[in-house]
Amino acid sequence: MPKWQGQFVKIDDYHWKIPQSYKKGMRVPGLIYASEEMLESIREEQTPEQVANVAFLPGIVNFSMAMPDIHWGYGFPIGGVAAMDVKDGVISPGGVGYDINCGVRLLRTNLNEAEVRLKINQLLSELFANVPSGLGSQGRIRVSQKEMRELMIEGAHWAVKHGFGSKEDLDATEEGGRMKSADPGRVSDKAVKRGMPQAGTLGSGNHFLEIQVVKEIFEPKIASIMGINEIGQVLVLIHTGSRGFGHQVCTDHLRVMEEAASKYGIKLPDRQLACAPIESNEGRDYLAAMACAANYAWCNRQCIVHWVRESFSKIFNKNLDGLGMEQVYDVAHNIAKLEEHKVDGQKSQVCVHRKGATRAFPPGHKEIPLRYKEIGQPVLIPGDMGRCSFIAVGTQKAMEESFGSTCHGAGRILSRHAARRILRGKDVAQDLERRGIIIKTGDISSLAEEASQAYKDVTKVIEICHQAGISKKVARATPLGVIKG
Amino acid sequence: MVKRAFEITDHTADVGIIAYGANIKQLFSNAALALFSLITEPENIEEKIKRHVEIISEDRDSLLVEWLNELIYLFDAEHILFKRFNIENLRGNQLRAICYGENLDPLRHKINMGVKAATYHMLEINRDSDGYEVQIIFDV
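This one's a predicted model, so the numbers in the text were calculated from it and none came from an experiment.

Some remarks on the overall build of chain B
- Of regular secondary structure, chain B possesses 2 helices and 8 strands.
- The secondary structure elements of chain B, listed N-terminal to C-terminal, are β-β-α-β-α-β-β-β-β-β.
- At 14 Å, chain B has a C-alpha radius of gyration in line with the 14 Å of a compact globule built from 140 residues.
- Dimensions of chain B along its principal axes, counting C-alpha atoms only, are 45 × 35 × 30 Å.
- Look at the contacts in chain B between residues 6 or more apart in sequence, and 63% of them connect residues 24 or more apart.

What follows is the structure in structure tokens.
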């Protein structure tokens, strides 16, 4: 793919603009959060062109934005944020992505590195046996069509009702683990059939379950409110989404949107940006189906959390209170939300598309749980399995500038194929083991695709967001053991 | 010049294929074969199951995407792997095909990649004197 030849206009060290004049049809300028050094790799592919293409969408306000972990997607770039005015704007399934409510959930523990390291192999084997993972993995929970319907409406609440986890987990989940706009009537039979056997599974690809150790605490007071108290403390991070269910919902509605876009006379530079007015039947149908898939993903992570706790409890022979495995938070990073933001100084209802971006609401925001009111919403940023992950919080600046959004992870720099050509899965596993990171996977050859070399350094990504002020770093953790699907 | 049935291309976020065909039916059939070559090794698939697939779409590009998405669905929901595609009819925006394959047997079939959806991204069916060519990006 040729390098992008357009010009970035520097606003400051971390903000770069693509002027509206770059391409005829752009309704707003593009805004990329990056360092000068990172801009070069962003140019390598046509990613800035995708930022410019998103600016064509009707109703887009302020900027078509991209976070520093931006990389090439289809239609929207991954790492893209775009807010559309609810009255005259559009909703685009491509601005959410196929894996609807792909997201991350973090648990704290009372355990320390030394005691977990002693039993790491046993623990990983237990987790691997308890949490269904891998390609085409089938769940341990069997849901009927009727239950699937309930699950789509209730999300993580459905899981808690059936004994997976606690009410406290729901409080520490974005949207309380359930979008109320869900309507199973807007979901196809195909999606239901794909979703039923996969409920409560981790899946494959870049999804994982990671046991981590806190290595640095940047904001001790904020961290302690999250239950993160000391260096060496063990955490558990879960990264998964809505599996085949979300993909089918996206596929089904992209088809509808394709027709809708021409029906409503919306001209698009790329078919994958297919969209419909938010206030149209097609737009409302998608939002209602998307909410079902988002709820499915929250239910999924809720079930997995339960099996993680069971596994820890068995291996460490302690009850849940003793383990202190409370949920820190759960965030979605592929989603569209109707939210209130300021546009041109006025309060306005907008539909925020976050495709590979994390909500980062500031202290005091009404949507965040009481216990986090003072510190802001926890933001969970996973890195690759060889480096580290970050815990951050949302800021007022994010609210003013990026529609309450920040980055979501590292961002790929090598294609899966290129990674497989350069690296062997077995070597990757051995190299990690030498560095004290144990990997358990059903498919060792695919490890190459997820090696550190395939990703940007998450430390640089989070630093840009921190310096730009759209999230504040709280702590850094490194992996100790990883389950890859 | 005889072109290959398909090739696999590189993509940062995902995986792509370029399929070829002397005619449009062969193009659709080769694109499907390319899809199952990403998922597994098609030589290990036996022809035990026969499935009829019919699709009506908005135009020919969408027809190709929906055809591949139908096969992805059949694999993900019903665990059927296909290796041969007899495109009986392909006119305008309609397709009718018989697909041959078998149920996934984890002992015999190694799944290399979980392909989740065929996308419209950069999709363009091209025709030259040798026949047809198309690039398809899959979400994996």
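Once you've had a look at it, read on.
Topic: unusual backbone geometry
- The residue Asn317(A) is not glycine, and still its phi comes out positive at about 50°.
- Along the chain, the position of Asn317(A) falls in the loop between α11 (281-316) and α12 (320-323).
- Despite not being glycine, Met122(B) shows a phi value in the positive range, around 55°.
- Positionally, Met122(B) belongs in the loop between β6 (117-118) and β7 (125-128).

A short note on the interface of chain B and chain A
- If you look at the interface, chain B gives 25 residues, while chain A gives 31 residues.
- Elements with a minimum of two residues in the side of chain B that touches chain A: α2 (60-78) and β8 (131-139) of chain B.
- Looking at the side of chain B that touches chain A, the element that brings in the most residues is α2(B), giving 6 residues.

Considerations on the sheet that holds strand β3 (residues 49-56) of chain B
Residue and element names in this part refer to chain B.
- Strand order across the open sheet formed by 3 strands is β3-β5-β4, with antiparallel pairing between neighbours. Across the chains shown, the open sheet's two edge strands, defined by having one partner strand only, are β3 and β4 (80-91). The average undirected angle you get between the axes of adjacent strands in this sheet is 20°.
- Where β3 lies against strand β5 (residues 94-103), 8 bridges are found, and the strand directions are antiparallel. Across the sheet, the residue bridging to isoleucine 49 is glycine 101, located in β5.
- Seen against the sheet, α2 touches β3, β4 and β5 and runs at an angle of roughly 140° to β3.

Here we look at helix α4 (residues 120-130) of chain A
Residues and elements named next belong to chain A.
- Within α4, burial applies to Leu123, Leu124 and Leu127. The buried residues of α4 occupy one face: seen down the axis, they fall within an arc of 95°. For α4, the exposed residues lying more than 90 degrees away from the buried face are Asn121 and Ala129.
- On its buried face, α4 sits against α3 (113-118), β8 (208-217), α11, β18 (438-441) and β19 (471-484).

Remarks on the nonpolar core
- Ranked by size, the top nonpolar core spans 208 residues in total, and within it Met290(A), Ala31(B) and Leu68(B) carry the most contacts.
- The residues touching Ala31(B), leaving out its near neighbours within four places in the chain, are Phe6(B), Ile17(B), Ala19(B), Leu64(B), Leu68(B), Val134(B) and Ile136(B).

Quick word on the packing of helix α10 (residues 243-263) of chain A against α2(B)
- Orientation of α10(A) relative to α2(B), taken along the N-to-C sense of each, is 160°, at an axis distance of 12 Å. In this view, α10(A) runs roughly antiparallel relative to α2(B), as classed from their interaxial angle. Considering only the axes of α10(A) and α2(B), their crossing is left-handed. Here Gly244(A), Gln248(A), Thr251(A), Arg255(A) and Glu258(A) of α10(A) lie close against α2(B), whose contacting residues are Ser62(B), Glu66(B), Asn69(B), Tyr73(B) and Asp76(B).
- Its residues placed into classes, the contact of α10(A) with α2(B) shows 1 nonpolar, 5 polar and 4 charged.

Here we look at the confidence of the model for chain B
- Per-residue confidence for chain B gives a mean pLDDT of 92; residues scoring 70 or more make up 96%.
- Prediction confidence for the complex, expressed as pTM and ipTM, is 0.95 and 0.89 respectively.

Details of the environment of Gln327(A)
All names here are of chain A.
- Topologically, glutamine 327 is positioned in strand β11 (residues 327-332).
- Assessed through the 24 C-beta atoms surrounding it within 10 Å, glutamine 327 is described here as buried.
- It is 12 Å that separates the C-alpha atoms of glutamine 327 and proline 369, two residues lying 42 residues apart in sequence.
- In contact with glutamine 327, other than residues within four places in its own chain, are Arg105, Leu107, Glu168, Asp169, Ala172 and Val305.

Focus on the sheet that holds strand β12 (residues 334-343) of chain A
All names here are of chain A.
- What the 7 strands build is an open sheet, ordered β1-β2-β3-β4-β5-β13-β12; its pairing is mixed. Each edge of the open sheet is held by one strand with a lone partner, namely β1 (9-12) and β12. Here the strands of the sheet are splayed against their neighbours by 25° on average, with no regard to which way each runs.
- Helix α16 (residues 458-468) contacts β2 (15-18), β3 (30-33) and β4 (64-71) of the sheet and is inclined by roughly 145° relative to β4.

What about the pairing of strand β2 (residues 15-21) of chain B?
All names here are of chain B.
- Burial analysis of β2 places 6 of its 7 residues in the buried class, the great majority of the element.
- Pairing of β2 with β8, which is carried by 7 bridges, proceeds in the antiparallel orientation. Across the sheet, isoleucine 17 pairs through a bridge with isoleucine 136, a residue of β8.

Some remarks on the environment of Ile72(B)
Residues and elements named next belong to chain B.
- Structurally, isoleucine 72 is set in helix α2.
- Accessibility expressed as a C-beta count within 10 Å gives 25 for isoleucine 72, which makes it buried.
- Dropping the residues within four chain positions of it, isoleucine 72 is found in contact with Val115, Lys116, Ala117 and Ala118.

Analysis parameters
- Residues numbered from 1 in each chain as written.
- Chains lettered and ligands numbered in written order.
- Predicted model: local features only at pLDDT ≥ 70, side-chain atom pairs only at ≥ 80, totals over all residues.
- Helix = DSSP H or I, 4+ residues; strand = E, 2+ residues; numbered from the N terminus.
- Rg over C-alpha atoms; globule rule 2.2 N^0.38 Å.
- Contact = placed C-beta atoms within 7 Å.
- Pairing = 2+ DSSP bridges.
- Axes fitted to C-alpha atoms, helices over the stretch in contact; angles between N-to-C directions.
- Buried ≥ 20, exposed ≤ 12 C-beta atoms within 10 Å, placed from the backbone.
- Arc of directions from axis to C-beta.
- Core = buried A, V, L, I, M, F, W, Y, C linked by C-beta atoms within 7 Å.
- Parallel < 35°, antiparallel > 145°, perpendicular 65-115°, else oblique.
- Left-handed = near helix turned anticlockwise from the far one by under 90°.
- Nonpolar A, V, L, I, M, F, W, Y, C, P; charged D, E, K, R; others polar.
- pLDDT = per-residue confidence, 0-100.

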